[in-house]
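The chain contents come next:
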Amino acid sequence: MDDLAWQASNFGGLPSRRVGLLLEHGHLDLVIQAAAERSEWFCAKGAVEELCRTGKFAQALKVTEPFVATGWPTAVWAKADILLRAGRPQEALNLVRPDEAGRTSKAECHDFAELLVRAGRVDEAIDLLVPHIDGWWM
């Protein structure tokens, strides 16, 4: 999990631009392979985007599973995004729903509220954010 966090914050591993070029030139399988064999987060992220764009949600979920298995929150949120895009909003929301302690976290509430809105549940998002209404980030 620490390595994944480092990759994401320092753009480590295979750079996003290079992943994008590989995908642009039709090398999706190679990008998926690098994600699996080398634990390259930006490869997984790029592959997921391409797979979701073409409606291959089951394969996109499979690409994220090794990353999700680490418990890394960024990967868990990526999985929630795939589920939402696949038309499975309740599973997406259940996966990342904050517990009572998480409801006091501005970041968790903000991210979850955005997911609620994308799932068409605007009123729930507003209810979640009301306790934080005085925050500068609102």
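Along every chain, residues carry numbers that run from 1 in the direction the sequence is written. Selection of residues for local features in this predicted model requires a pLDDT of at least 70, selection of side-chain atom pairs for listing and counting requires 80 or more, and totals for whole chains, interfaces and linings are taken over all residues. Calculated side-chain values reflect all of the structure's heavy atoms, with hydrogen atoms and water omitted.

1. A few points about the overall build of the protein chain
Summing up its helical and strand segments, the protein chain has nine helices and zero strands in all. Each helix and strand of the protein chain, placed in order from N terminus to C terminus, yields the pattern α-α-α-α-α-α-α-α-α. Note on classification: 1.4 Å probe, protein chains only; a residue is buried when its accessible area is under 20% of the maximum for its type, exposed when over 50%, partly exposed between these limits. Relative to its full complement of 138 residues, the protein chain shows a buried share of 38%. Contacts are assigned to residue pairs that have any heavy atoms within 4.5 Å of one another. Sequence-distant contacts in the protein chain: of pairs separated by 6 or more residues, those separated by 24 or more amount to 45%. Secondary structure elements follow DSSP: runs of H or I of four or more residues count as helices, runs of E of two or more count as strands, with numbering from the N terminus.

2. With respect to the environment of Leu115
By secondary structure assignment, the location of Leu115 is in helix 8 (residues 106–118). Sequence separation between Leu115 and Pro89 is 26 residues; the distance between their C-alpha atoms is 8.9 Å. Aside from chain neighbours lying at most four places away, what touches Leu115 is Trp77, Ala80, Leu84, Ala92, Leu93 and Val96.

3. Quick look at the confidence of the model for the protein chain
Averaged over every residue, the pLDDT of the protein chain is 88; residues scoring 70 or more account for 88%. The pLDDT score gives, residue by residue, the confidence of the prediction method on a 0 to 100 scale. Across the protein chain, helix 5 (residues 57–68) holds the top mean pLDDT of 97, while helix 1 (residues 2–10) sits lowest at 64.

4. Quick notes on the packing of aromatic side chains
Pairing of aromatic side chains here covers Phe, Tyr and the six-membered ring of Trp, requires ring centres within 6.5 Å, and sorts the geometry by plane angle: under 30 degrees stacked, over 60 edge-to-face, intermediate tilted. Enumeration according to the criterion identifies two aromatic pairs in this entry. Seen in terms of ring centroids, Trp41 and Phe67 are 5.3 Å apart; in terms of plane orientation they differ by 70°. Their pairing is edge-to-face. On the criterion of sequence distance, the pair formed by Trp41 in helix 4 (residues 41–53) and Phe67 in helix 5 is long-range, its members being 26 residues apart. With a relative accessible area of 5%, Trp41 lands in the buried category. Judged by relative accessible area, which is 3%, Phe67 ranks as buried. Centroid distance Trp41 to Trp72: 4.9 Å. Interplanar angle 85°. Geometry classified as edge-to-face. Residue Trp41 is found in helix 4, and its partner Trp72 is found in the loop between helix 5 and helix 6 (73–85); the two are separated by 31 residues along the sequence.

5. Re the nonpolar core
The nonpolar core is taken to be a set of buried Ala, Val, Leu, Ile, Met, Phe, Trp, Tyr and Cys residues, with the residues joined through side-chain atoms within 4.5 Å. In terms of nonpolar packing, the biggest core is built from 39 residues, with Val19, Trp41, Cys43 and Val63 touching the most fellow members. Of all the secondary-structure elements, those providing two or more residues to this core are helix 2 (16–24), helix 3 (28–38), helix 4, helix 5, helix 6, helix 7 (89–96), helix 8 and helix 9 (122–129). Among the elements that make up this core, the one with the highest residue count is helix 4 (eight residues).

6. Overview of a nonpolar patch on the surface
Taken together, Val117, Val122, Ile126 and Val130 make up a surface patch of nonpolar side chains, about 310 Å² in accessible area. Tracing the chain through its elements places Val122 in helix 9. Here, patches come from residues exposed beyond 30% relative accessible area and free of salt bridges, joined within 9 Å for like charges and within 5 Å for nonpolar side chains (Val, Leu, Ile, Met, Phe, Trp, Tyr). Per-residue accessibility takes into account occlusion by the displayed protein chains alone, with areas from the Shrake-Rupley method and a 1.4 Å probe. The salt bridge definition used is simple: a Lys or Arg side-chain nitrogen within 4 Å of an Asp or Glu carboxyl oxygen.

7. Focus on unusual backbone geometry
Even without glycine at this site, Ser39 takes up a positive phi of about 50°. Along the chain, Ser39 turns up in the loop between helix 3 and helix 4.

8. Quick notes on the pattern of salt bridges
Within the structure shown, the criterion is met by eight salt bridges. Note that Arg88 is salt-bridged to Glu91, the shortest N-O span being 2.8 Å. A relative accessible area of 33% means that Arg88 is categorised as partly exposed.

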